Amino acid sequence: MSIDPAPAATLSEAAREIVEVGRFLSVRNFVPATSGNFSRRLDARTAAVTRSGVDKGELVEADILVADIHAPPPKGSSAETPLHLQLYRDRPEAQAVLHTHSVVAALLSNLRLPEGELVLQDFELLKALGDTRTHEAAVSIPIFPNDQDIPRLADKVTAMLTRRTDLVAYLIAGHGLYTWGRSMAEARRHVVALEHLLTYELEKMKVRR
Ligand SMILES: CSC[C@@H](O)[C@@H](O)C(=O)COP(=O)(O)O
Ligand SMILES: [Zn+2]
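Residues numbered from 1 in each chain as written. Chains lettered and ligands numbered in written order. Predicted model: local features only at pLDDT ≥ 70, side-chain atom pairs only at ≥ 80, totals over all residues. Heavy atoms only, no water.

Caption draft 1: Structural context of helix α3 (residues 103-112). The complete set of buried residues in α3 reads Val 104, Ala 105, Ala 106, Leu 108, Ser 109 and Arg 112. Its buried side turned inward, α3 meets β5 (117-120), β6 (139-144), β7 (169-172), β8 (176-181) and α5 (184-208). (Buried < 20%, exposed > 50% of the residue type's maximum accessible area, 1.4 Å probe, protein only. Helix = DSSP H or I, 4+ residues; strand = E, 2+ residues; numbered from the N terminus. Contact = heavy atoms within 4.5 Å.)

Written out as structure tokens, the structure reads:
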């Protein structure tokens, strides 16, 4: 399925999309406590990003801050803002970035870390990811070790994104999922599809024991 890139958003449009997606992800238990963070590209140089430390299911417009993609993160913005800004630099087509902390993303990434990647294959739902057109496609999700030094982690992710143009998401071990899209709707669809695909993988591991 090919999706036209979403046009750049005004700050109030971006804030509305971010508040809505926060509620959507929160009721599904994908962003417990104050975990998770979201952003929306505004134009070639700037992006709207969530404030740090707030419940992402209860965001209000004042919790959305403007970041310069090429500058240090604004004061008060998400502790993981560098991971969002780096994606807007590395993926010019990215219009939205979503980070979630679901049980399955934290758990499976921990269990599979030694392999450094998860390869998803043979599931029809793969067709909800980017331009994947068949269940036979192999969709790779890299897994990075968790790191409290976010700029250092962002450098590792950038190195991977430069080598691998096929990626739609990555996992941070014991932490959660990062995915992006050419619109907020596509990024949200990636979160939901990946939640199911990761659950399939976890269930497969149980069956094989
Ligand atoms: C509540 S622990 C989660 C945080 O450490 C972090 O990983 C996270 O996702 C949210 O950080 P935030 O600074 O609120 O954007
Ligand atoms: Zn996090």
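From this point, the discussion proceeds with the structure in view.
Caption draft 2: Looking closely at a nonpolar patch on the surface. Together, Val 103, Leu 107 and Leu 111 give the surface a local cluster of nonpolar side chains, amounting to about 280 Å² of exposed area. Residue classification places Leu 107 among the partly exposed residues on the basis of a relative accessible area of 40%. (Patch = residues over 30% accessible without salt bridge, like charges linked within 9 Å, V, L, I, M, F, W, Y side chains within 5 Å. Areas by Shrake-Rupley, 256 points an atom, 1.4 Å probe, with all protein chains shown as cover. Salt bridge = Lys/Arg side-chain N within 4 Å of Asp/Glu carboxyl O.)

Caption draft 3: Local environment of the side chain of Thr 81. Topologically, Thr 81 is positioned in helix α2 (residues 81-90). The exposure class assigned to Thr 81 is buried, which follows from its relative accessible area of 0%. With near-sequence residues (within four places) excluded, Thr 81 lies in contact with Val 49 and Pro 73.

Caption draft 4: Spatial organisation of helix α4 (residues 150-163). Here α4 contains 14 residues, and its C-alpha end-to-end distance of 20 Å stays within 8% of the 20 Å for a straight helix at 1.5 Å per residue. Taken together, the buried positions of α4 are Ile 150, Leu 153, Ala 154, Val 157, Met 160 and Leu 161. Along α4, the residues classed as buried sweep out an arc of 125° about the axis, all on the same side. Among the exposed residues of α4, those oriented more than 90 degrees off its buried face are Asp 155, Thr 162 and Arg 163. Close packing links the buried residues of α4 with α2, β6, β7 and β8. (Expected span 1.5 Å × (residues − 1). Arc of directions from axis to C-beta.)

Caption draft 5: Focus on the site of ligand 1. In the vicinity of ligand 1 there are 13 residues, among which Ser 52, Gly 53, Lys 56, Ser 78 and Glu 80 approach most closely. At a separation of 2.6 Å, an oxygen atom of ligand 1 approaches a polar side-chain atom of Ser 78. With respect to ligand 1, the side chain of His 175 contributes an N or O atom lying 3.0 Å from an oxygen atom. Grouping the constituent residues of the shell around ligand 1 by class yields 1 nonpolar, 10 polar and 2 charged. (Near = heavy atom within 4 Å. Polar contact = N/O pair within 3.5 Å; in protein donor to acceptor, adjacent residues only side chain to side chain. Nonpolar A, V, L, I, M, F, W, Y, C, P; charged D, E, K, R; others polar.)

Caption draft 6: Structural context of the coordination of the zinc ion (ligand 2). Summarising the metal site, the zinc ion (ligand 2) is bound by the protein donors His 99 (NE2), His 101 (NE2) and His 175 (NE2), whose distances to it range over 2.1 to 2.2 Å. Read from N- to C-terminus, the donor residues coordinating the zinc ion (ligand 2) fall into the pattern H-x1-H-x73-H. Here His 101 is found in the loop between β4 (96-100) and α3, whereas its partner His 175 is found in the loop between β7 and β8, with 74 residues between them in sequence. Classification of His 101 as partly exposed rests on a relative accessible area of 25%. (Donors = N, O, S within 2.8 Å, 3.2 Å for Na, K, Ca; no water.)

Caption draft 7: Region of the structure containing the UniProt feature "binding site: Zn(2+)" (unreviewed entry) in the protein. UniProt annotation of "binding site: Zn(2+)" (unreviewed entry) refers to His 99 and His 101 when read in the numbering used here. Topologically, His 99 is positioned in strand β4. Apart from the residues within four sequence positions on either side, His 99 is in contact with Val 31, Gly 36, Asn 37, Phe 38, Glu 80, His 84, His 175, Gly 176, Leu 177 and Tyr 178. (UniProt positions renumbered as here; feature names shortened; annotations may be inferred.)

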